[in-house]
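Chain by chain, the residues:
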Amino acid sequence: MDTTIDLKKKIKDYLENADERILKIIHAIIETETKKEELPQTQKDLLDQRLQFHKKNPSDGRSWESIKKSLESQHGL
């Protein structure tokens, strides 16, 4: 198995000869990996409210099968 150093060397060597398409793909991967997107506080608060409601009312909900059938009938899926 390659060590981190081996992998870095292989990637560096590969990038030296990579075409623009590959470089753009790798750049997009790096940008996605380094981008730290957080939910806005309003969305976090809403999720917290829903979680609290679920904890207080665990049986107040529908099964996946029920939801799936409803979506299938509403949207002809």
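None of the values given here were measured: they were computed from a predicted structure.

A. Looking closely at the overall build of the protein. Regarding its fold elements, the protein presents four helices and zero strands. Taken from N to C terminus, the helices and strands of the protein fall in the order α-α-α-α. Here the protein has a C-alpha radius of gyration of 23 Å; the compact-globule value for 77 residues is 11 Å, and the former is much larger. For the C-alpha atoms alone, the extent of the protein along its principal axes is close to 55 × 35 × 30 Å. Expressed as a percentage of its 77 residues, the buried residues of the protein come to 3%. Here the protein carries 15 positive and 15 negative side-chain charges, and the mean point of each set is 4 Å from the other.

B. Representation of the confidence of the model for the protein within the structure. Averaged over the protein, the pLDDT score is 92; the fraction of residues at 70 or greater is 100%. Here helix 2 (residues 20-34) is the element of the protein with the lowest mean pLDDT, 92, and helix 3 (residues 41-56) is the one with the highest, 95.

C. Looking closely at a nonpolar patch on the surface. Nonpolar side chains collect at one region of the surface, where Leu7, Ile11, Tyr14, Leu15 and Leu23 lie side by side and expose about 440 Å² of accessible area between them. Summarising the element assignment, Tyr14 is placed in helix 1 (residues 4-17).

D. Main features of the pattern of salt bridges. For the structure on display, the rule yields four salt bridges. One salt bridge in this structure joins Asp2 and Lys10, with 2.7 Å as the shortest N-O distance. We note a salt bridge from Asp13 to Lys9, for which the minimum N-O separation is 2.9 Å. With Asp13 and Lys9 both in helix 1, this residue pair falls four residues apart, about one helical turn. Judged by its relative accessible area of 39%, Asp13 is partly exposed.

E. Region of the structure containing helix 4 (residues 64-75). For helix 4, spanning 12 residues, the distance from its first C-alpha to its last is 16 Å, which sits close to the expected 16 Å at 1.5 Å a residue. Among the residues trailing helix 4, Gly76 stands out with phi positive, at a value near 65°.

F. Summary view of the environment of Trp64. Relative to the elements of secondary structure, Trp64 occurs in helix 4. The sequence separation of Trp64 and Lys24 amounts to 40 residues, and the corresponding C-alpha distance is 40 Å.

Thresholds applied
- Residues numbered from 1 in each chain as written.
- Predicted model: local features only at pLDDT ≥ 70, side-chain atom pairs only at ≥ 80, totals over all residues.
- Heavy atoms only, no water.
- Helix = DSSP H or I, 4+ residues; strand = E, 2+ residues; numbered from the N terminus.
- Rg over C-alpha atoms; globule rule 2.2 N^0.38 Å.
- Buried < 20%, exposed > 50% of the residue type's maximum accessible area, 1.4 Å probe, protein only.
- Lys, Arg positive; Asp, Glu negative; His and termini not counted.
- Charge placed at Lys NZ, Arg CZ, Asp CG, Glu CD.
- pLDDT = per-residue confidence, 0-100.
- Patch = residues over 30% accessible without salt bridge, like charges linked within 9 Å, V, L, I, M, F, W, Y side chains within 5 Å.
- Areas by Shrake-Rupley, 256 points an atom, 1.4 Å probe, with all protein chains shown as cover.
- Salt bridge = Lys/Arg side-chain N within 4 Å of Asp/Glu carboxyl O.
- Expected span 1.5 Å × (residues − 1).

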